[in-house]
Each structure stands twice: as structure tokens, then as C-alpha cells.
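An overview of the molecular structure
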Amino acid sequence: MQVQELLKNTDKLPNVPDVVRELIQMLNDPNVKYADISEKVTHDQTISLKVLRVVNSAYFGLSRKISSIDEATVLLGIDKLKTLVIASGFSNSVEKVDGIKLPEFWADSFRVAELSQWFAKRTSLVEADEAFTVGIVHNIGRLLLHLTVPDTAREIRQLVVNRKAGFVKAELDLLGFTSQDAGKALMDLWKFPASIGDAVKHHPRPFELDPPQPLSCVLNLACYLNACIRAERDSDLGS
């Protein structure tokens, strides 16, 4: 099987609205104008409501209610707005996936995103908002496998659960490519920045590249720390 075969199942792909993908591309542009962002935000009712809810929350502590999207986007700022758009777009991308508990999947993704952002703020080599983005989407390839080839995805999962193989070996044996390859292909299809797709693909083994991509290294650290947190949590639950 070729990874591109998965992308032909357009009816099964995660349903991230076009406006979300367009907004992410706009928010990656350092010369973007707030007026253009505001106009795009108004095209999505869910994002508009979340923007206004956040701006009018106790976090901002404003003395008056904000009802204008134009004003709200300026008050939020580019970084917070990007985080909100990504969170809204991807967490609502699918409603049910056979073999994946979505609340746990997205909780895991957001924790990796926050850890990636934390590491990125401690180096000048990685943008914190880009690190957050790649954290959210780093495991989107596994979601794609469960949506497009659910039977094979279950076989892979079973091999891992039975400790007969790790995810990478099981995916290569049964598919000929990894979920990270699938994730990169999806990022390319959606026209995300190349650095995002590259980090998704290479983060499990960032030092295979020479020189290694800093964003892949940050994501690798975040995933490792998240695995430690998850293992500790599971241990606590079993005690």
C-alpha cells in the first residue's frame, strides 16, 4: 500500500473546515492584517463564538462586554488566536473513530502541544506557536489510519498491545509506511507549512536527519515527557 491511497478516501478524512486551514496559513504570515483575520473568523460561527467567549472571560477582566470580532481579534493577539483556531478546528474534526477514544486522544495531543510550546520558549531555534501547532497534529496520522483502514489499524494496535512489535515496526510490516508518513502526507494535502509536516514525520527519530530539525527535536522531547506522564498516571490508576 502507498500512503497516497489513504488520501483518496476523501469522505473519511478528518473534517477540518477550510476556513480553519486558511486561518492557520494566514496566522503564520508575519505581515497578516487583523482586518483580514477578522473577516475570515466571521465565516465560522464556532470560532467566532469562542473568540468572543475568551475575550469576555474573567481572564481578560474587561470592564465592558466585547461584541465586535474586529476588536476581539486585536485583544486576543496573533498567538492566542492561532492557538484557539487550531484547538477548535482539530478537536471538532471527527465525531467518532473506531478503535480510538477521542477524548483521550485529544487530551494527549493537547498535552504534547503544551509541552512542545514550553520547550520552544526555551530556545531561539523554534517558534512557540509553531511548536504548539505541531503538537496538536503530531499524531494525526494514526487517526487517519483508523479512519481509512480500520481493520489494519486494529491489527497494528493488537501487535503493540501484545508487545510483539512497537508502533513503527508494526506499521511498516502491515502497511509499508508509518503513521508519521501518513500525517505528513495529510499536512501536505492541507498545505500546512513544510516545517510542520517534516516535524510530524521525523520527530520519533529526529537525529536521522543531518542536521536534525529543531522543531522535530522539541516535539520528540514533548512526546517523551508526555509518555512519562501517561505511564505515571496509568501506574497510579493501577495501584
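Within every chain, residues take consecutive numbers counted from 1 along the sequence as written. Restriction of local features to residues with pLDDT of at least 70 applies here, the model being predicted, together with a cutoff of 80 or more for giving and counting side-chain atom pairs; totals for whole chains, interfaces and linings are based on all residues. Side-chain measures were taken over the full set of non-hydrogen atoms in the model, leaving aside hydrogen atoms and water.

**Quick notes on the layout of surface pockets**
Definitions used throughout: a 1 Å grid over protein atoms alone; a cavity as a set of points that fits a 1.4 Å probe which cannot get out; a pocket as an open set with protein on both sides within 12 Å along at least five of seven lines; a lining residue as one with an atom within 4 Å of a point. Grid points are joined across faces, edges and corners, and a volume is the space filled by probe spheres set on the points. Its boundaries defined by the atoms lining it, the largest pocket holds a volume of some 1,000 Å³. Along the walls of the largest pocket sit 30 residues, with Asp108, Asn139, Arg142, Phe167 and Arg230 positioned nearest its centre. Those elements giving two or more residues to the lining of the largest pocket turn out to be helix H6 (102-120), helix H8 (140-148), helix H9 (150-161), helix H10 (167-174) and helix H13 (214-238). Each helix is a run of DSSP H or I of at least 4 residues and each strand a run of E of at least 2, with the numbering of both proceeding from the N terminus. When residues in the lining of the largest pocket are grouped by element, the largest group, eight residues, is from H13. Here the nonpolar group is Ala, Val, Leu, Ile, Met, Phe, Trp, Tyr, Cys and Pro; Asp, Glu, Lys and Arg are the charged ones; every other residue, Gly included, is treated as polar. Taken together, the residues of the lining of the largest pocket sort by class into twelve nonpolar, nine polar and nine charged.

**A few points about helix H3 (residues 34-41)**
For H3, the set of buried residues is Ile37, Ser38, Lys40 and Val41. Projected down its long axis, H3 shows its buried positions confined to an angular sector of 165°, all on one face. The buried label goes to any residue with under 20% of its type's maximum accessible area, the exposed label to any with over 50%, and the partly exposed label to all in between, with areas taken from a 1.4 Å probe on protein chains only. Working note: the arc is built from the helix axis to C-beta atom directions.

**Description of the packing of helix H2 (residues 18-27) against helix H5 (residues 69-91)**
Relative orientation of the contacting elements H2 and H5 amounts to 155°, with a least axis distance of 10 Å. Accordingly, the angle class assigned to the pair H2 and H5 is roughly antiparallel. Here H2 and H5 pass one another in a crossing that is left-handed. Together, Val20, Leu23, Ile24 and Leu27 of H2 and Ile78, Leu81, Lys82, Val85, Ile86, Gly89 and Phe90 of H5 make up the contact between the two elements. In terms of residue class, the contact of H2 with H5 is made up of nine nonpolar, one polar and one charged. In this description, a line fitted to the C-alpha atoms serves as the axis of each element, helices being fitted only across the stretch in contact, and the angle between N-to-C directions of two axes falls anywhere from 0 to 180 degrees. Every angle not falling under 35 degrees, over 145, or within 65 to 115 is termed oblique; those three ranges are roughly parallel, roughly antiparallel and roughly perpendicular. Crossing chirality is assigned from the near helix's rotation relative to the far helix, an anticlockwise turn below a right angle marking it left-handed and a clockwise turn marking it right-handed. Here, residues are in contact when the closest pair of their heavy atoms is within 4.5 Å.

**Things to note about the pattern of salt bridges**
Throughout this description, the term salt bridge denotes a Lys or Arg side-chain nitrogen within 4 Å of a carboxyl oxygen of Asp or Glu. The tally for this structure, following the rule as stated, stands at 13 salt bridges. In this structure, Glu22 engages Lys40 in a salt bridge whose closest nitrogen and oxygen atoms are separated by 2.8 Å. Taken together, the residues span a long stretch of sequence, with Glu22 in helix H2 and Lys40 in helix H3 at a distance of 18 residues. The class for Glu22 is partly exposed, based on a relative accessible area of 35%. The partner of Glu208 in a salt bridge is Arg205, and the shortest N-O contact between them spans 3.9 Å. Looking at Glu208, the relative accessible area reads 60%, which means it is exposed. A relative accessible area of 43% places Arg205 in the partly exposed class.

**So, the nonpolar core**
The term nonpolar core refers to a set of buried residues drawn from Ala, Val, Leu, Ile, Met, Phe, Trp, Tyr and Cys, joined through side-chain atoms within 4.5 Å. Phe90, Trp106, Ile136 and Leu143 are the most contacted members of the largest nonpolar core, which has 73 residues in total. Dropping the residues within four chain positions of it, Leu143 is found in contact with Pro14, Val94, Val97, Ile100, Leu102, Phe105 and Trp106.

**Here's the deal with empty space enclosed by the protein**
A complete count under the given rule lists one cavity of 30 Å³ or more for this structure. Volume-wise, the largest cavity comes out at about 40 Å³. Every residue lining the largest cavity is listed: Arg142, Leu145, His146, Ala153, Ile156, Phe167 and Glu171. Listing elements by their share of the lining of the largest cavity, those giving two or more residues are H8, H9 and H10.

**Regarding the packing of H8 against H9**
Packing of H8 against H9 leaves a shortest axis separation of 5 Å and a crossing angle of 125°. Viewed along their axes, H8 and H9 adopt a mutual orientation that is oblique. Of H9, the residues touching H8 (which contributes Leu145, His146, Leu147 and Thr148) are Pro150, Ala153 and Ile156. Partitioned by chemical class, the residues of the contact of H8 with H9 number five nonpolar, two polar and no charged.

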